[in-house]
Amino acid sequence: MKRWLETRKLARKGEIRSVGKFSLMVRRFCRNKAAVASLVFILLLILIAVFADVLTPYDYDAQNLSEKLRQPSAAHWFGTDDFGRDILTRVFVGTRVSLLVSILAVGISTVFALVIGSIAGYFGGAVDNVIMRITDIFMALPGMLFAMTVSAALGTGIWNTAIALGFTSIAPIVRQVRASILLLKDQEFIEASKAFGSGNTVIIVRHVIPNAFAPLIVQIALRLGDTIMAISGLSFLGLGVQPPTPEWGNMVSVGKDYMSEFLPLILFPGIFVILTMLAFNLLGDGMRDAMDPRMKR
Amino acid sequence: MIRYIIRRLFLLIPILIGTVVIVFTINFFSDISPARLVLGPTATEEQVEAKEDEWGLNDPYLVQLGRYFWRIVSQGSLGTSYIYNQPVLKMIMDRLPNTLIIGLLAATLSVMIGIPLGILAAIKQNTALDYIATFLAILCGAIPPFVLCILMQLVLAVRLHWLPVSGIRSWLGYIMPIIACGVMPVAMTCRMTRSSMLETIRQDYIRTARAKGLKEGTVIWKHALKNALIPIITVVGMTYAMSLCGSIISEAIFNIPGLGNLMNSSISQKDYITNLGCVLVAAFIMSFVTLITDLIYAAVDPRIKAQYAATGKRARTYKRKEAAV
């Protein structure tokens, strides 16, 4: 007790600092250059998405048919598309659309999966059995086919695409949440909370979900990347986000018709998808290594 | 073991029923009528109504769903396409071989690149080789299939004239779709192989094997890889399952008459019954490959085989007890 008081006194004076689990994690993360670079790139993408309208002098929808399909130049860094619209502006606005839809989609699936997975893992028994059998069915549905079906039924547009992609990716997250809840369930702090007389809802919301969330963060980073890829795939096929709203996939889809003479419409949106996917993957890997350093060294 | 397989095959039934119910429900609540699309904009409301009655689209939800199941059970039929007026099952079966050939070869390609790359990365952990291999794998997973398809089409077909731009009139036409479908899963395979190998290499029995003075090659191939195989098989199974269901994007770009293309056209033409058939067949393929994956576990790992066998035995004792009661 005495030693503890002394340590606390020193800590108050700022002579020693305690190193928490979180700051250790941050330190390990910062050592991973690829992950830090990815984080910077993603922050940059977010800035681009927010300020897409003011970053370039052009309007994403302003047509100028006398200037169509121009190669990259000083005035139009990425060139112009088949309606003479500035490709750079459209790629930037496309960044906004892609990030927005993927954050919405991952948000939807995570919230639902957390609730459903917690209920399944926490209550166990028949409830768990029913939920997991339904999850099995959803897992057997091939992802892209299912997403296309839902997207076709809901219709196109930002919200519908987000709902379609969110809805179709609930099942795998439910499984993961349930697995981590099963590990959590028997730990002392849950028992303590029960001993204090907390109800099931309080325990799930206050104790179970926050603790299950940490391992989910890595999954969320990876899912954001995958969802961006799925959005562009759907939009490329004419589902998902449709022109005139610019989206990387639907821009490439237009570029396909001009591929033999005009590349910028395929190249630049393509490069953005690739870099974004790379960034989210490396970020996810970096976060996983930082949280679970056993894997790294 | 055979009992286990039979039990698993029976477990497929609820999954397939569930698939039909889910997809049917989603399509049921979609508000565009296929009759309107078939008859064209000039058709009157009465004509559309008559066509919908002919297809039974105006019946209540449960009646339609029940009819779909009854047709499967009594006639083994998945219905008739609204647009093509052909049996859905026949349309799928005509196209499935193309998808299966491409899927099988693409998955094999990705496994043949991904596993060696992963092993290499694990053995040479934290060296330049590891970083290059890992980065290559992640890059493979980051290239969107439509960009890869179009760039290949542009370079290999349009500019160099080595391969046909689209279609599969000759075997050359299969090359680009196979590459396009095979690249993306490399990322997953390589990653899983690497992390699984890393975990195994740290085990005590690997140190023992090295201490015994075994050659490094023997340690890696006989001791480490064999024990690291289970998660790798899981990923390989997933790769095969996904590829065999057809890549919608590459089939669309290379104009290949396969399951993915049928799916795509059925969606754009609101041909719900064909769409439902396609998803059902794809779900069946997925579940079947999962079953095969589980059986391969048993072949690789005697512990899992013992487990499977025990299920059968346990089931028998359980039955005996029940009979006694």
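Scroll up for the structure.
Conventions and cut-offs
- Residues numbered from 1 in each chain as written.
- Chains lettered and ligands numbered in written order.
- Predicted model: local features only at pLDDT ≥ 70, side-chain atom pairs only at ≥ 80, totals over all residues.
- Heavy atoms only, no water.
- Helix = DSSP H or I, 4+ residues; strand = E, 2+ residues; numbered from the N terminus.
- Buried < 20%, exposed > 50% of the residue type's maximum accessible area, 1.4 Å probe, protein only.
- Areas by Shrake-Rupley, 256 points an atom, 1.4 Å probe, with all protein chains shown as cover.
- Lys, Arg positive; Asp, Glu negative; His and termini not counted.
- Charge placed at Lys NZ, Arg CZ, Asp CG, Glu CD.
- Expected span 1.5 Å × (residues − 1).
- Phe/Tyr/Trp six-rings, centres within 6.5 Å; stacked < 30°, edge-to-face > 60°.
- Contact = heavy atoms within 4.5 Å.
- Buried area = accessible area lost by both parts, 1.4 Å probe.
- Salt bridge = Lys/Arg side-chain N within 4 Å of Asp/Glu carboxyl O.
- Polar contact = N/O pair within 3.5 Å; in protein donor to acceptor, adjacent residues only side chain to side chain.
- Nonpolar A, V, L, I, M, F, W, Y, C, P; charged D, E, K, R; others polar.
- Axes fitted to C-alpha atoms, helices over the stretch in contact; angles between N-to-C directions.
- Left-handed = near helix turned anticlockwise from the far one by under 90°.

I'd like a description of the overall build of chain B, backed by residues and values.
Across its full length, chain B carries 14 helices and zero strands. Its helices and strands in sequence order give chain B the pattern α-α-α-α-α-α-α-α-α-α-α-α-α-α, from N to C terminus. For chain B, the C-alpha atoms occupy an extent of roughly 85 × 75 × 30 Å along the three principal directions. When the 325 residues of chain B are sorted by exposure, 48% land in the buried category. Per element, the accessible surface of chain B, about 16500 Å² overall, is 67% carbon and sulfur. Within chain B, the 18 negative side-chain charges are centred at a point lying 19 Å from the centre of the 30 positive side-chain charges.

Go over helix 13 (residues 272-300) of chain B, please, and point to the residues and values.
With 29 residues, helix 13 of chain B should cover 42 Å at 1.5 Å per step; its first-to-last C-alpha distance of 42 Å lies within 8% of that length. In terms of residue burial, helix 13 of chain B counts as a mostly covered element, since 21 of its 29 residues are buried.

Any chance you could break down the packing of aromatic side chains for me, citing the residues and the numbers?
Aromatic ring pairs: the centre-centre distance and the angle between the two ring planes describe each pair. Counted according to the given criterion, the structure contains 15 aromatic pairs over all chains. With centroids separated by 5.3 Å and ring planes inclined at 85 degrees, the aromatic side chains of A:Tyr122 and A:Phe123 adopt a geometry described as edge-to-face. A residue is classified by how much of its surface remains accessible, and A:Tyr122, at 8% relative accessible area, is buried. Judged by its relative accessible area of 41%, A:Phe123 falls in the partly exposed class. Geometrically, the ring pair formed by B:Phe28 and B:Phe29 is edge-to-face, given 5.2 Å between the ring centres and 90 degrees between the ring planes. Classification of B:Phe28 by relative accessible area gives partly exposed; the value is 28%. Note on B:Phe29: relative accessible area 61%, which makes it exposed. The rings of B:Phe24, B:Phe28, B:Phe29 and B:Tyr61 are connected pair by pair, giving a single aromatic cluster.

Kindly report on the interface of chain B and chain A, identifying the contributing residues and their values.
Contacts between the two partners involve 49 residues from chain B, matched on the other side by 44 residues from chain A. Both faces considered, chain B and chain A share a buried interface measuring about 3800 Å² in area, 77% of it formed by carbon and sulfur atoms. Of all residues in chain B, the largest losses of buried area upon contact with chain A belong to B:Ile26, B:Phe146 and B:Ile150, amounting jointly to 14% of the total for that side. If you look at where chain B meets chain A, you find one salt bridge. Note that B:Arg191 is salt-bridged to A:Asp285, the shortest N-O span being 3.5 Å. Summed over the shared surface of chain B and chain A, the result is two residue pairs in polar contact (both at pLDDT 80 or more). By residue number, the principal contributor to the side of chain B that touches chain A is helix 7 (residues 145-159) of chain B, which donates nine residues. Per-class residue counts for the side of chain B that touches chain A are 32 nonpolar, 12 polar and five charged.

Help me get a handle on the packing of helix 12 (residues 259-268) of chain B against helix 13 of chain B, residues and values and all.
Residue and element names in this part refer to chain B. At their nearest, the axes of helix 12 and helix 13 sit 8 Å apart, and the two run at 150 degrees to each other. Pair helix 12 / helix 13 crosses with left-handed handedness. Contacts from Leu-259, Leu-262, Met-263, Ser-266 and Ile-267 of helix 12 reach helix 13 at Thr-274, Asn-275, Cys-278 and Val-279. Each residue belonging to the contact of helix 12 with helix 13 can be placed in one class, and the counts come to six nonpolar, three polar and no charged.

Can you tell me about the pattern of salt bridges, naming the residues and giving the values?
Residues and elements named next belong to chain A. All told, the structure shown has 15 salt bridges over all chains when counted by the stated rule. Measuring nitrogen to oxygen at the nearest pair gives 3.5 Å for the salt bridge that ties Asp-81 to Arg-90. In this structure, Asp-81 and Arg-90 share a single accessibility class: buried. Here the residues in one salt-bridge network are Asp-81, Arg-85 and Arg-90, joined through shared partners.

Spatial relationships are all this shows, so hold off on functional conclusions.
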